[in-house]
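Next come the chains, spelled out residue by residue.
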Amino acid sequence: SVVDQIVGRATAVDGVRLVASLQDADADALRELAQKAVGKLDGDPGAAVVLGTGRGGKALIVAACSPRLVERGVTAPLLLEDAAEQIGGGAGGKPILGFAGGPKADAVEEAVQGIPARLAELLRDH
């Protein structure tokens, strides 16, 4: 399934399992995929799944953070702050599920590639 493919892309950032990749899907599908994948990845240090798309000429990035990661001070909107700036928008949402949207669809790939460094920074600070 698509969720298993996403889970298979996980890397570790200071022990936290992270997926940060592009996915050609609409907002509802991205949200559902991110939440299902983070559920499969969650473990003691925590997990995060960040999926981005430039579909329709607009940038959208969705982040799902496991409750364990949120306990450590890393929320989905915080994780997306830098990426949101890169795509010309803002980040919001709940601690376990956040969104960033903006007009710069061509900047999505670079914004998503910056997520591992942002996660490492947040883990250092909390």
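In what follows, the structure referred to is the one given above.
Reading the values: the criteria
Residues numbered from 1 in each chain as written. Predicted model: local features only at pLDDT ≥ 70, side-chain atom pairs only at ≥ 80, totals over all residues. Heavy atoms only, no water. Salt bridge = Lys/Arg side-chain N within 4 Å of Asp/Glu carboxyl O. Helix = DSSP H or I, 4+ residues; strand = E, 2+ residues; numbered from the N terminus. Buried < 20%, exposed > 50% of the residue type's maximum accessible area, 1.4 Å probe, protein only. Contact = heavy atoms within 4.5 Å. Pairing = 2+ DSSP bridges. Axes fitted to C-alpha atoms, helices over the stretch in contact; angles between N-to-C directions.

## Brief notes about the pattern of salt bridges
Right, so step 1: Considering all chains together, one arrives at 8 salt bridges under this definition.
Right, so step 2: One salt bridge in this structure joins glutamate 32 and lysine 36, with 2.9 Å as the shortest N-O distance. A residue pair is termed a helical-turn pair when its members lie 3 or 4 positions apart in one helix, as glutamate 32 and lysine 36 do in helix α2 (residues 27-41) at 4 residues.
Right, so step 3: Residue classification places glutamate 32 among the partly exposed positions, given a relative accessible area of 44%.
Right, so step 4: Residue classification places lysine 36 among the partly exposed residues on the basis of a relative accessible area of 47%.

## A look at the environment of alanine 107
Right, so step 1: Along the polypeptide, alanine 107 turns up in the loop between β6 (97-102) and α5 (108-113).
Right, so step 2: Sequence-distant contacts of alanine 107, defined by excluding residues within four places in its chain, comprise Gln86 and Ile87.

## Quick look at the environment of glycine 90
Right, so step 1: One can find glycine 90 in strand β5 (residues 90-94).
Right, so step 2: As a C-alpha pair, glycine 90 and glycine 102 span 12 residues in sequence and 7.3 Å in three-dimensional space.
Right, so step 3: Ignoring any residue separated from it by four or fewer positions in sequence, one finds glycine 90 in contact with Ala84, Phe99, Ala100 and Gly101.

## Side note on the sheet that holds strand β3 (residues 47-53)
Right, so step 1: Taking strand neighbours across the sheet as the criterion, the 6 strands line up as β1-β2-β3-β4-β6-β5 in an open arrangement whose pairing is mixed. Of all the strands in the sheet, just β1 (11-13) and β5 have a single pairing partner and so form its edges. Here the average twist between neighbouring strands, direction ignored, is 25 degrees.
Right, so step 2: Examined bridge by bridge, β5 and β6 share 5 bridges and lie antiparallel to one another. Bridging from a neighbouring strand, glycine 93 pairs with glycine 98 of β6.
Right, so step 3: Taken strand by strand, α2 contacts β2 (16-22), β3, β4 (59-65) and β6, and its axis lies near 160 degrees from that of β3.
Right, so step 4: Contacts from helix α6 (residues 115-125) reach β1, β2 and β3, with the element oriented near 150 degrees to β2.

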